[in-house]
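Take a look at the letters that make up each chain.
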Amino acid sequence: MPAALHPYLTFDGNAREAFEFYGEALGATPQFATFGEFQAVPADHPAADSIMHGSLEVTDLIRLYVSDVMEGMAPYVPGTNVTLSLMGDDEAVLRSAFEKLSVGGEITMPLEKQMWGDVYGSFTDRFGIVWQVNISSGEG
């Protein structure tokens, strides 16, 4: 996928429940990975079973992504728990979008290689919209 824009939803511990509901309603099966599975927290941590990343791919054009918030992340505020996520493997387009859209805003995580193998970064633009950019490594 060259580059695509998808909504990314965050929940306060009930991401699995929400996406199972959305999946049933939209006729798709959600996929999940927990903070524990990614070894982002120890296995006995209270957030180990919380969702670090989940996806619901209804069609090629309808895709939703999800995570639970945990301690140290931005606080969960209903109504503001949607971010825009640019994803794909067109590195030049996605790096340019990150650089241009973040001008005048605040970078919360610079574009860097992550534990899942992709390059990822996030920022809040000058209008208060939160963006995530994920450049696929093409592996897996």
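Reading the values: the criteria
- Residues numbered from 1 in each chain as written.
- Predicted model: local features only at pLDDT ≥ 70, side-chain atom pairs only at ≥ 80, totals over all residues.
- Heavy atoms only, no water.
- Helix = DSSP H or I, 4+ residues; strand = E, 2+ residues; numbered from the N terminus.
- Rg over C-alpha atoms; globule rule 2.2 N^0.38 Å.
- Contact = heavy atoms within 4.5 Å.
- Lys, Arg positive; Asp, Glu negative; His and termini not counted.
- Charge placed at Lys NZ, Arg CZ, Asp CG, Glu CD.
- Buried < 20%, exposed > 50% of the residue type's maximum accessible area, 1.4 Å probe, protein only.
- Phe/Tyr/Trp six-rings, centres within 6.5 Å; stacked < 30°, edge-to-face > 60°.
- Lys NZ or Arg CZ within 6 Å of the ring centre and 35° of its normal.
- Salt bridge = Lys/Arg side-chain N within 4 Å of Asp/Glu carboxyl O.
- 1 Å grid on protein atoms, 1.4 Å probe; cavity = no way out; pocket = protein on both sides within 12 Å on 5 of 7 lines; lining within 4 Å.
- Points joined across faces, edges and corners; volume = space filled by probe spheres on them.
- Nonpolar A, V, L, I, M, F, W, Y, C, P; charged D, E, K, R; others polar.

Chemist: Account for the overall build of the chain, with residues named and values stated.
Modeler: A count of helices and strands for the chain gives 2 helices and 8 strands. Helices and strands in the chain line up, N terminus first, as β-α-β-β-β-β-α-β-β-β. Computed over C-alpha atoms, the radius of gyration of the chain comes to 15 Å, within 12% of the 14 Å expected from 2.2 N^0.38 for 140 residues, which places it in the range of a compact globule. Seen through its principal axes, the chain has C-alpha atoms that stretch 35 × 35 × 35 Å. Counted over contacts in the chain with a minimum sequence separation of 6, partners at least 24 positions apart contribute 51%. If you average the places of the 6 positive and of the 20 negative side-chain charges in the chain, the two averages end up 10 Å apart.

Chemist: Summarise the side chain of T34; cite the residues concerned and give the values.
Modeler: For T34, the location among the structural elements is in strand β2 (residues 31-34). Among the residues examined, T34 registers a relative accessible area of 7% and is labelled buried. Sequence-distant contacts of T34, defined by excluding residues within four places in its chain, comprise R16, A48, D49, S50, I51 and M52.

Chemist: Tell me what's going on with the packing of aromatic side chains, and back it up with residues and numbers.
Modeler: One pass over the full model with this rule turns up 6 aromatic pairs. It is R16 that lies over the ring of F32; its NZ or CZ is 4.7 Å from the centre.

Chemist: Now, about the pattern of salt bridges: what can you tell me, with residues and values included?
Modeler: Going through the model one piece at a time under the given rule, you end up with 1 salt bridge. Residue E91 pairs with R95 through a salt bridge whose shortest N-O separation is 2.7 Å. In this pair, E91 and R95 both sit in helix α2 (residues 91-101), 4 residues apart, roughly one turn of the helix. Residue class for E91 comes out partly exposed when judged on its relative accessible area of 39%. Owing to a relative accessible area of 28%, R95 belongs among the partly exposed residues under this scheme.

Chemist: Describe the layout of surface pockets, naming the residues involved and giving the relevant values.
Modeler: Considering only enclosed or pocket space, the largest pocket measures out at about 1,400 Å³ in volume. What lines the largest pocket is a set of 45 residues, and nearest its centre among them are Y8, M52, S67, Y120 and Q132. At the level of secondary structure, the elements contributing two or more residues to the lining of the largest pocket comprise β1 (4-11), β3 (51-57), β4 (63-68), β5 (82-88), β6 (106-113), β7 (119-124) and β8 (130-135). Of all the elements, β5 adds the most residues to the lining of the largest pocket, at 5 residues. The class makeup of the residues in the lining of the largest pocket is 20 nonpolar, 20 polar and 5 charged.

Chemist: Explain the environment of I51 to me, using residue names and the numbers behind them.
Modeler: Considering the arrangement of structural elements, one finds I51 in strand β3. Judged by its relative accessible area of 1%, I51 falls in the buried class. As for I51 and T80, which are separated by 29 residues in sequence, their C-alpha atoms are 18 Å apart. In this structure I51 touches A15, R16, F32, A33, T34, F35, V66, S67 and D68, once residues within four positions along its chain are discounted.

What is shown is where atoms sit, not what they do.
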